[in-house]
Amino acid sequence: MGELAGVLAAIASSALGGTAVGATRYAVGAVDPLTLGALRFGIGFLCLLPIALAQREAWPARRDWPRAAALGLLFFGLFPVLFNASLLYTTAARAALALSTLPLLTMLAGAILGVEALTARKSAGVALAMGGVTLALAAGLADAPAGAWRGDLLMVAAALCMALYSVWARPVIHRSGPVRFTLLAMGTGATCLGLLAGIGGGFAALPGFGWPQWIAIFYLGLFGSALIFFLWAFALGRTTPTRVAVSVTVNPVTAALLGALLLDEPVGWNLVLGLVTVFSGIWLAVTAGKPAGTAAPHKR
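Computed from a predicted model, the values in this text were never measured in an experiment.

Engineer: Please clarify how the packing of aromatic side chains should be interpreted in this entry.
Structural biologist: For any two aromatic rings, the description comes down to two numbers: the centre-to-centre distance and the angle of the planes. Following the criterion strictly, the structure yields 14 aromatic pairs and no others. Measuring from ring centre to ring centre gives 5.1 Å for Phe-75 and Phe-79, while their planes differ by 50 degrees; the resulting arrangement is tilted. On the criterion of helical spacing, the pair formed by Phe-75 and Phe-79 is a turn pair, its members being four residues apart in helix 3 (residues 65–86). What makes Phe-79 buried here is its relative accessible area of 5%. Here Phe-230 and Phe-234 contribute two aromatic rings whose centre-to-centre distance is 6.1 Å and whose plane-to-plane angle is 50 degrees, an arrangement assigned as tilted. Taken together, the positions of Phe-230 and Phe-234, both in helix 9 (residues 211–236) and four residues apart, correspond to about one turn of that helix. In this structure Phe-230 comes out as partly exposed when scored by relative accessible area, which is 23%. One aromatic cluster is present, formed by Phe-41, Phe-75, Phe-76, Phe-79, Phe-83, Tyr-165, Phe-181 and Phe-229 through successive ring pairs. Between Arg-238 and the ring centre of Phe-234, over which it is positioned, the NZ or CZ distance is 3.8 Å.

Structure (structure tokens):
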């Protein structure tokens, strides 16, 4: 039941992530990627702080502080800059497809670092889920601006940051807890981004924001930061990195469904078939038998 809860939390996190792509795509036109990341994770930190203080879970041990801080700089510092910058160059559909390389990158990182064994069933599930994303977004991939490949590569780099975070964070989350670990890591990343944005004059754009920009930013802070990454850390504490990462294939499909519901965008056969394929791939990957050596996390 604990592993099932982790998988469901990861799917919920990725489903919310689909809405965050749209909000980021809107907000990144009004503010630079560094400042947007600082605002998003600064608000997320403030939302998580009272929850972390009220809970009884352990804080990361002092010996884990350097790792938690480094992971915070990787995931809540470098990742959002790459993520936000990618959406300046490419479309939401192409960016979502590039981000869906996360399960493959996580699976390879876990295998190379000796954290998670590579199995044929898990590999097939990841490939099937990624194929479902391609199928679901097929109609939107042709509409690409000039130089979209730059945004695609930036999003793949962002996915690599997230893959390494998922693999390296799991032991620390097991030793402490998802809320306080996420708070420490997010606070480190938000502080770094805030300092860089302040030095670069990024906050000077804030007085020109209208209420639509502020709504998008507060949405990203509350749901696209605090809730999404708490659920992600919760999932990493209960199942393997690849089983968590494969859920990200829900992200672009959710974004497409949201567009159909809110913007009257057409729902084609490819979206429906892609959704079925994505969930089939997730089922195949998460029902793979536990390989030897993954029953307990590495205490590093």
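Having seen the structure, we can now continue with the description.
Engineer: I keep staring at helix 3 and nothing clicks. Help me out?
Structural biologist: Count 3.6 residues to each turn of an α-helix, and residues three or four apart come out pointing the same way. Taking 1.5 Å of rise per residue, 22 residues should cover 32 Å, and helix 3 covers 30 Å from first to last C-alpha, within 8% of that figure. Of all bends in helix 3, the biggest is about 30 degrees, found at Phe-79, and the proline Pro-80 comes one to four residues later.

Engineer: It is not clear to me how the nonpolar core should be interpreted in this structure. Could you clarify?
Structural biologist: Within soluble globular proteins, side chains that are nonpolar tend to cluster in buried spots. By size, the foremost hydrophobic cluster in this structure holds 61 residues, and its most contacted members are Phe-76, Phe-83, Leu-102, Tyr-165 and Phe-181. Listed by contribution, the elements that provide at least two residues to this core are helix 1 (2–27), helix 2 (33–54), helix 3, helix 4 (92–99), helix 7 (148–175), helix 8 (178–199), helix 9 and helix 10 (241–245). In terms of residue count, helix 9 provides more of this core than any other element does, 11 residues in total. Sequence-distant contacts of Phe-181, that is, excluding residues within four places in its chain, are made with Pro-60, Ala-68, Leu-71, Tyr-165, Ala-169, Val-172, Ile-173 and Ser-176. Counting five residues, the second largest nonpolar core, distinct from the first, contains Met-107, Val-126, Ala-129 and Met-130.

Engineer: What's the story with the packing of helix 2 against helix 3 in this structure? I'm lost.
Structural biologist: Axis angle and axis distance: for two packed helices, these are the angle between their axes and the distance between the axes, and together they describe the pair. Close contact between helix 2 and helix 3 brings their axes to 9 Å; oriented N to C, the two are set at 125 degrees. Between helix 2 and helix 3, the crossing angle belongs to the class labelled oblique. The interaxial crossing formed by helix 2 with helix 3 has right-handed handedness. On helix 3, the residues touching Pro-33, Leu-34, Leu-36, Gly-37, Arg-40 and Phe-41 of helix 2 are Phe-76, Pro-80, Val-81, Phe-83, Asn-84 and Ala-85. Its residues assigned to classes, the contact of helix 2 with helix 3 shows nine nonpolar, two polar and one charged.

Engineer: Quick question: what am I supposed to make of a nonpolar patch on the surface here?
Structural biologist: Side chains of Leu-104, Leu-108, Ile-112, Leu-113 and Trp-168 sit close together on the surface and give an oily, nonpolar patch of about 450 Å² of accessible area. With three residues, the top contributor of residues to the nonpolar patch is helix 5 (residues 102–112). Inspection of the secondary structure assignment puts Ile-112 in helix 5.

Engineer: Help me understand the packing of helix 2 against helix 8 in this model?
Structural biologist: Closest axis-to-axis distance for the helix 2/helix 8 pair is 8 Å, and the angle between their directions is 150 degrees. Our classification of the angle between helix 2 and helix 8 gives roughly antiparallel. Considering the relative orientation of helix 2 and helix 8, their crossing is left-handed. A class-by-class count of the residues in the contact of helix 2 with helix 8 yields 16 nonpolar, seven polar and one charged.

Engineer: Whenever I open this one, the environment of Ala-245 confuses me. Can you help?
Structural biologist: Secondary-structure assignment places Ala-245 in helix 10. Judged by relative accessible area, Ala-245 falls into the buried class, the value being 0%. Distance from Ala-245 to Met-107, taken between C-alpha atoms, is 8.4 Å for residues 138 residues apart in sequence. If near-sequence neighbours (up to four positions away) are discounted, Ala-245 is found in contact with Leu-102, Pro-103, Thr-106 and Trp-232.

What counts as what
Residues numbered from 1 in each chain as written. Predicted model: local features only at pLDDT ≥ 70, side-chain atom pairs only at ≥ 80, totals over all residues. Heavy atoms only, no water. Phe/Tyr/Trp six-rings, centres within 6.5 Å; stacked < 30°, edge-to-face > 60°. Helix = DSSP H or I, 4+ residues; strand = E, 2+ residues; numbered from the N terminus. Buried < 20%, exposed > 50% of the residue type's maximum accessible area, 1.4 Å probe, protein only. Lys NZ or Arg CZ within 6 Å of the ring centre and 35° of its normal. Expected span 1.5 Å × (residues − 1). Bend = angle between axes of the 7 residues up to and from the residue. Core = buried A, V, L, I, M, F, W, Y, C linked by side-chain atoms within 4.5 Å. Contact = heavy atoms within 4.5 Å. Axes fitted to C-alpha atoms, helices over the stretch in contact; angles between N-to-C directions. Parallel < 35°, antiparallel > 145°, perpendicular 65-115°, else oblique. Left-handed = near helix turned anticlockwise from the far one by under 90°. Nonpolar A, V, L, I, M, F, W, Y, C, P; charged D, E, K, R; others polar. Patch = residues over 30% accessible without salt bridge, like charges linked within 9 Å, V, L, I, M, F, W, Y side chains within 5 Å. Areas by Shrake-Rupley, 256 points an atom, 1.4 Å probe, with all protein chains shown as cover. Salt bridge = Lys/Arg side-chain N within 4 Å of Asp/Glu carboxyl O.

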